[in-house]
Amino acid sequence: MTLKPLPLFCLLLLPGLGAAAEKTVYGLNEYAQLAGIDLEVAAKLDTGAKTASLSARDIKRFKRNGESWVRFYLAIDTAHSHPIERPLARVSKIKRRAGDYDPDEDKNYTARPVIALDICMGTALRSIEVNLTDRSAFQYPLLIGSEALKRFDALVDPSLKYAAGKPACVADAHTAE
């Protein structure tokens, strides 16, 4: 038996295979533990969205020791009924959909407060930025977009659901990649 030489383009694929091997495969939906809030929610992983969004209501910005903070309640049926307070990381401008545009406001974006939040999926614990908005009309209270998925070294297989299983992060396993 003689071996035939591989076409040159096959060799070009090898570096990509190495990078894929280092990634974690997640499904279209995953369980996510909101560290510090003591709540597990179902999340939708959306590679088409840039940012992550958490369902919140009664969102109020305020000052604490000269710093900007945000106070909110989770807009999740099974969530806590007490307010959550976090430092404001920044304010994000989210592009409005065609049906969401208000010509009286003359803006094609919505300003949303953004907080840093530690999220555990599978065994990976990452600090990600999450914008706060009322997602109660959606099936999943947490949407994880492409920027956060990069931090998780994620490959999303839309044919899978809950591929990472229940969150099982160890408190000292936090990585600030």
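Residues numbered from 1 in each chain as written. Predicted model: local features only at pLDDT ≥ 70, side-chain atom pairs only at ≥ 80, totals over all residues. Heavy atoms only, no water.

If you check an unreviewed UniProt entry, the chain appears there as ATP-dependent zinc protease from Pseudomonas azadiae.

Observations regarding the overall build of the chain
The helix and strand tally for the chain stands at two helices and eleven strands. Its helices and strands in sequence order give the chain the pattern α-β-β-β-β-β-β-β-β-β-β-α-β, from N to C terminus. Counting all 177 residues of the chain, 34% fall into the buried class. In the structure as shown, the chain presents an accessible area of about 11000 Å², 54% of it carried by carbon and sulfur atoms. (Helix = DSSP H or I, 4+ residues; strand = E, 2+ residues; numbered from the N terminus. Buried < 20%, exposed > 50% of the residue type's maximum accessible area, 1.4 Å probe, protein only. Areas by Shrake-Rupley, 256 points an atom, 1.4 Å probe, with all protein chains shown as cover.)

A few points about unusual backbone geometry
The backbone phi angle of asparagine 65 is positive, close to 50 degrees, even though this residue is not glycine. Its identity is not glycine, yet aspartate 153 carries a phi of approximately 50 degrees, on the positive side. Along the polypeptide, aspartate 153 turns up in the loop between α2 (146-151) and β11 (154-157). Looking at aspartate 153, the relative accessible area reads 27%, which means it is partly exposed.

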